[in-house]
Amino acid sequence: MSRDESKLLYAESHEWVDLAEENGKTVGTIGLSGFALEQLNDLVYMELPELGRELTAGEEFGEVESVKAVSPLYSPVSGKVIAVHDDLPESLEKLNDDPYDFGWILKVEVSQANSVDALLDHAAYQKQCAEAG
Amino acid sequence: MTTKLAKTPLDAWHRANGGKMVPFAGYEMPVQYESIVSEHQACRNAAALFDVSHMGRLRFDGDGSEHFLDHILTRKVSDLPLGGVRYGLICKEDGGILDDVLVSNLETPSQRRFHLMVVNASNRDKIIKWLTPILDDFPTVTMSDRTELTAMIAVQGPAAMEACKRLFSFDPLRLKYYRAVITDQFAKPAIVSRTGYTGEDGLELIVRAEEANRIWENLLLAGRNHGFIAAGLGARDTLRLEAAMPLYGHELNESTDPLSAGLKFACNLKDRSFIGSEALVKIAEAGPSTVRIGLKPDGKRPAREGCPVLDSKGQRIGEVTSGGPSPTLGYPIAMAYVDRARADDSEFKIDIRGKLVDAKPTKLPFYKRPKS
């Protein structure tokens, strides 16, 4: 299955989230956009959150590090971390080629109180990227 | 406050060739084109071309310019032979470092002698301000800022010298390490020196600004079959870190003295008097307070500038000044200042944003080019 990037929601800080219903619960799969990965280039390190951690939308859950700089990763949604992509930090070189499928970073069981009002759809996110140059 | 950023004579080339431009020391400079890692590797394995036109170029003319330079530098310049290049520091009275510079003793084709000083881009204005009143005591010496009239290009890597051969009427291999010459090779005079900031063999060229693009293109053409590519400031930084070369603003600043920075080789203290010499003699007698060491943190996470360095018991004994992944070695490396008494410890810890990581001391430089 290949994830369609045009159907995802995006945070201004470049994380994408794919919201899906699983067993009556909303699960958000989170990754980093292809645009952001291209800007970062040459990734060397990624720090993932612990399973079970409760995240609030906008909260820092980890960081990704390129040769030149450290960038924090922010959760686009509120909820509990139910899965992390453990293989990812050892395979960062694959991330650039496949940011939306192989590149998932974590899954969150989205809390009831969560709101996606602050997130951007694909068109709005693309506009933001175009303006950032 | 917004200040308009300056552009180097090669600005249009960078933009047309994918250069990712960032503000650096008042200039818009390419941090990378394709990728820092591939540009780094090209320099280690073949050769890379760097636009370093942002570096300041100050020319000193007139009788006694060598005595003026002796007065402001930690290294002696008056015994520098014609064509010689010397690394030295400009210090304040208290020994704090104002800048680290290269000074060349040169002669124009019309046999006018002068000295050229290459200063850090970020320090150019400061150094001009520092030197101007001192020059009042040397009325025969004049200083002129040549930075905007010229461009500076570095060609660095194992293939650099061979590929450059056909561009020069002389064999660049005859130019010894840390020697410079003025050549009229490019129809206009150019200064060619066998110097660099990457740990590789290579040349640095100072050319007229209007000639920069033609020479840059010629260099790329000459290196086409040797794997030459253009490299940005990102690769320049990872290369100099592997070579353990200090960088002003990181290893060096006004509250660090050259001896604590591990630059004793760049201080001629015996029987000399220069600005800062009295303070440096005292520091040399007492022993410097810190030592610059190399560290290899465990794991993949790089330690960055500002990360505290602790001893094995967790007591803070220093700080990382530069750190990052080493593309050549495949693991993270860091330079740090630690208390002199602890410099020979066999185990350290680095506090990387709240997490303590074990680190082993490692000999500087991290990378040394194979002997050819």
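It should be emphasised that the depicted structure is a prediction, and the values quoted were computed from it without experimental measurement.

In this section: the overall build of chain A. When helices and strands are tallied, chain A shows three helices and nine strands. Order of helices (α) and strands (β) in chain A, N terminus to C terminus: β-β-β-α-β-β-β-β-β-α-β-α. The 133 residues of chain A split such that 38% are buried. For chain A, contacts bridging at least 24 residues in sequence account for 61% of all contacts bridging at least 6.

Now for unusual backbone geometry. Between Leu364(B) and Pro365(B) the backbone carries a cis peptide bond, its omega angle lying at -5 degrees. Position of Pro365(B) relative to the elements: it lies in the segment after β20 (355–362). Phi is positive for Asn41(A), close to 60 degrees, though the residue is something other than glycine. For Ala25(B), which is not a glycine, the phi torsion comes out positive at approximately 50 degrees. Within the fold, Ala25(B) resides in the loop between β2 (20–24) and β3 (27–32). The class for Ala25(B) is partly exposed, based on 18 C-beta atoms found within 10 Å.

A few words on the pairing of β3(B). Residues and elements named next belong to chain B. Pairing between strand β1 (residues 6–7) and β3: two bridges, direction parallel. Paired with Lys-7 across the strands is Glu-28, a residue of β3. The hairpin turn running from β2 into β3, its antiparallel successor, is two residues long, and Ala-25 in that turn takes a positive phi close to 50 degrees.

The partner chain A presents eight residues to the twelve residues of chain B that form the contact. Of all elements in the fold, only α2 (36–45), α7 (233–242) and β17 (316–326) of chain B reach the threshold of two or more residues within the side of chain B that touches chain A. Across the side of chain B that touches chain A, the residue classes tally to four nonpolar, five polar and three charged.

Right, let's get into the sheet that holds β3(B). The pairing of strands in a sheet happens through backbone hydrogen bonds and is either parallel or antiparallel. Residues and elements named next belong to chain B. Taken together, the three strands give an open sheet; going across it, the order is β1-β3-β2, and neighbouring strands pair in mixed fashion. Two strands in the sheet have a free side with no partner beyond their single neighbour: β1 and β2. Here β2 pairs with β3 via five bridges, running antiparallel. For Met-21, the partnering residue across the bridge sits in β3 and is Pro-30. Sheet contacts for α7: β2 and β3; angle to β3, the most-contacted strand, approximately 70 degrees.

Residue and element names in this part refer to chain A. Strand order across the open sheet formed by six strands is β1-β2-β3-β9-β8-β5, with antiparallel pairing between neighbours. Strand pairing shows two members of the sheet lacking a second neighbour, β1 (9–10) and β5 (54–55), which therefore form its edges. As paired elements, strand β8 (residues 79–84) and strand β9 (residues 106–110) share five bridges and run antiparallel to each other. Pairing of Val-81 across the sheet is with Val-108, part of β9.

Right, let's get into the packing of α2(B) against α7(B). All names here are of chain B. Contact pair α2 / α7: the axes reach a minimum separation of 8 Å and the direction vectors enclose 55 degrees. Here α2 is positioned oblique relative to α7, judged by the angle of their axes. Handedness of the α2/α7 crossing: right-handed. In this structure, α2 contributes Ile-36, Glu-39, His-40 and Cys-43 to the contact, and α7 contributes Gly-234, Ala-235, Thr-238 and Leu-239.

All names here are of chain B. Ranked by size, the top nonpolar core spans 108 residues in total, and within it Ala-48, Leu-49, Ile-153, Val-155, Leu-205 and Ala-231 carry the most contacts. The contact partners of Leu-205, leaving out residues within four places of it in the chain, are Met-152, Ile-153, Ala-190, Val-192 and Ile-215. Counting residues in hydrophobic clusters, the runner-up holds 22 residues, among them Ala-244, Cys-307, Leu-310 and Ile-317.

So, on to α7(B). All names here are of chain B. Within α7, nine of the ten residues are buried, which leaves the element mostly enclosed by the surrounding structure. Leu-233, Gly-234, Ala-235, Arg-236, Asp-237, Thr-238, Leu-239, Leu-241 and Glu-242 are the residues of α7 that are buried. Buried-residue contacts for α7 involve β2, β3, α2, β4 (47–51), β17 and β18 (331–339). The first or second residue beyond α7 is Ala-244, which carries a positive phi of 60 degrees.

Time to look at the domain arrangement of chain B. Residues and elements named next belong to chain B. Taken domain by domain, chain B consists of domain 1 (1–288) and domain 2 (290–362). The distance between the C-alpha centroids of domain 1 and domain 2 comes to 29 Å. Each partner contributes residues to the interface: domain 1 has 16 residues there, and domain 2 has 14 residues. For the side of domain 1 that touches domain 2, the elements supplying multiple residues, two or more each, are α2 and α7. A per-element tally of the side of domain 1 that touches domain 2 places α2 first, with four residues. Split into classes, the residues belonging to the side of domain 1 that touches domain 2 amount to six nonpolar, seven polar and three charged.

Procedures and definitions
Residues numbered from 1 in each chain as written. Chains lettered and ligands numbered in written order. Predicted model: local features only at pLDDT ≥ 70, side-chain atom pairs only at ≥ 80, totals over all residues. Helix = DSSP H or I, 4+ residues; strand = E, 2+ residues; numbered from the N terminus. Buried ≥ 20, exposed ≤ 12 C-beta atoms within 10 Å, placed from the backbone. Contact = placed C-beta atoms within 7 Å. Pairing = 2+ DSSP bridges. Nonpolar A, V, L, I, M, F, W, Y, C, P; charged D, E, K, R; others polar. Axes fitted to C-alpha atoms, helices over the stretch in contact; angles between N-to-C directions. Parallel < 35°, antiparallel > 145°, perpendicular 65-115°, else oblique. Left-handed = near helix turned anticlockwise from the far one by under 90°. Core = buried A, V, L, I, M, F, W, Y, C linked by C-beta atoms within 7 Å. Domains from an automatic or database assignment.

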